Amino acid sequence: MKSVSTSVCKVFLAILLSILVFLPCGCTTAQLGETQAQGHRRHIRNLRINQRQMMEDIDMVFMTDQPSRLTDRRIP
């Protein structure tokens, strides 16, 4: 019984300490010295870059990133 009581106490203490750490600062996505708007723009930019790179990879897999060499005629 004593080991169960101490383990419950340790878990409770860990939860309490994590609450005390996150309560004043919160779980914000902004870095130190960065406003919320700047953080939002950074996230949007990262998503745009990730999507562009994924589309480039898909084009490379389906070989649509280069013109076809099946004919010598130019398609308008």
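The notes below deal with the structure included here. (Residues numbered from 1 in each chain as written. Predicted model: local features only at pLDDT ≥ 70, side-chain atom pairs only at ≥ 80, totals over all residues. Heavy atoms only, no water.)

## Here we look at the overall build of the protein chain
Okay, step 1: Each helix and strand in the protein chain was counted, giving 2 helices and 0 strands.
Okay, step 2: Classification of the 76 residues of the protein chain by burial places 3% in the buried group.
Okay, step 3: Total accessible area on the protein chain stands at roughly 7,800 Å², and carbon and sulfur atoms take up 64% of it. (Helix = DSSP H or I, 4+ residues; strand = E, 2+ residues; numbered from the N terminus. Buried < 20%, exposed > 50% of the residue type's maximum accessible area, 1.4 Å probe, protein only. Areas by Shrake-Rupley, 256 points an atom, 1.4 Å probe, with all protein chains shown as cover.)

## Side note on the pattern of salt bridges
Okay, step 1: The full count for this structure, using the stated rule, is 1 salt bridge.
Okay, step 2: Here R42 and E34 are joined by a salt bridge, their closest N and O atoms 3.1 Å apart.
Okay, step 3: For R42, a relative accessible area of 28% puts it in the partly exposed group. (Salt bridge = Lys/Arg side-chain N within 4 Å of Asp/Glu carboxyl O.)

## Topic: helix α2 (residues 36-61)
Okay, step 1: Taking 1.5 Å per residue, 26 residues should reach 38 Å; α2 reaches 38 Å between its end C-alpha atoms and fits that length.
Okay, step 2: The first or second residue beyond α2 is M63, which carries a positive phi of 55°. (Expected span 1.5 Å × (residues − 1).)

## A look at a nonpolar patch on the surface
Okay, step 1: A surface patch of nonpolar side chains, about 500 Å² in accessible area, is lined by F12, L13, L16, L17 and L20.
Okay, step 2: With respect to the helices and strands, the residue F12 is situated in helix α1 (residues 2-25). (Patch = residues over 30% accessible without salt bridge, like charges linked within 9 Å, V, L, I, M, F, W, Y side chains within 5 Å.)

## Concerning a negative patch on the surface
Okay, step 1: Taken together, the side chains of E56, D57, D59 and D65 define an acidic patch exposed on the protein surface.
Okay, step 2: When you line up the elements, E56 lands in helix α2.
Okay, step 3: Given the relative accessible area of 47%, E56 is considered partly exposed. (Lys, Arg positive; Asp, Glu negative; His and termini not counted. Charge placed at Lys NZ, Arg CZ, Asp CG, Glu CD.)

Nothing here speaks to function; it is all geometry.
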